[in-house]
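These are the residues of each chain, in order.
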Amino acid sequence: MDVSLVSWFVILLALFSANLPFFNERLFAVIPLSLKIKPVWLRLIELFLLYFAVGLIARALESRIGSVFPQGWEFFAVTGCLFIVLAYPGFVMRYMRKRHH
C-alpha cells in the first residue's frame, strides 16, 4: 500500500466521521432512535466513539504498511483536537446556521 494514499484515506475518513453525528438523526447513521431530534450530548458521545473508531482503523492500516509507532498522550491530545476541528462544519450547519422559515 502506498503511504500517501493511506494517509489521505485516513484524513478523509476522519473528516467524514467527525461530521457524521451532526448530519443525521440516527445513531452512527445506522441505528434509528425513538427521539425525533438527537440531543447534543448524544452527538458528542457519538463523536467521541467515532474518534476512537477512526484511530483503530488508522492503527490497523499503519500496521499493514510497516511497524506501528508508539504514541503518547501528546499524540491523542493533538489528534483529538484535530478531530474536533474537523467536526466544525457539521456543528456550524446544525447549530449556528440561521434557518429561514
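Residues numbered from 1 in each chain as written. Predicted model: local features only at pLDDT ≥ 70, side-chain atom pairs only at ≥ 80, totals over all residues. Heavy atoms only, no water.

(A) Layout of the overall build of the protein chain. Helix and strand content of the protein chain: four helices and zero strands. In the protein chain, the succession of helices and strands from N to C terminus is α-α-α-α. C-alpha atoms of the protein chain, sized along the principal axes, occupy 55 × 25 × 25 Å. Averaging the positions of the 10 positive and the 5 negative side-chain charges in the protein chain gives two centres separated by 16 Å. (Helix = DSSP H or I, 4+ residues; strand = E, 2+ residues; numbered from the N terminus. Lys, Arg positive; Asp, Glu negative; His and termini not counted. Charge placed at Lys NZ, Arg CZ, Asp CG, Glu CD.)

(B) Spatial organisation of the packing of aromatic side chains. According to the stated counting rule, one finds seven aromatic pairs in the structure shown. Consider the rings of Phe22 and Phe91, whose centres lie 6.0 Å apart with planes at 90°: the pair is edge-to-face. A residue pair is termed long-range when its members are at least 10 positions apart, and Phe22 in the loop between α1 (3–19) and α2 (40–65) and Phe91 in helix α4 (residues 88–96) qualify at 69 residues. The structure contains a cluster of three or more aromatic residues connected by ring pairs, namely Phe48, Tyr51, Phe52 and Phe83. (Phe/Tyr/Trp six-rings, centres within 6.5 Å; stacked < 30°, edge-to-face > 60°.)

(C) Region of the structure containing the nonpolar core. Core analysis: the biggest nonpolar cluster contains twelve residues, these being Leu13, Ala14, Ala18, Leu20, Phe22, Leu47, Leu50, Tyr51, Val54, Phe83, Leu86 and Ala87. Secondary-structure elements contributing two or more residues to this core are α1, α2 and α3 (73–86). Take this core: its biggest share by element is four residues, from α2. Those residues in contact with Leu50, other than ones at most four positions away along the chain, are Ser17, Leu20, Pro21, Phe28 and Phe83. (Core = buried A, V, L, I, M, F, W, Y, C linked by side-chain atoms within 4.5 Å. Buried < 20%, exposed > 50% of the residue type's maximum accessible area, 1.4 Å probe, protein only. Contact = heavy atoms within 4.5 Å.)

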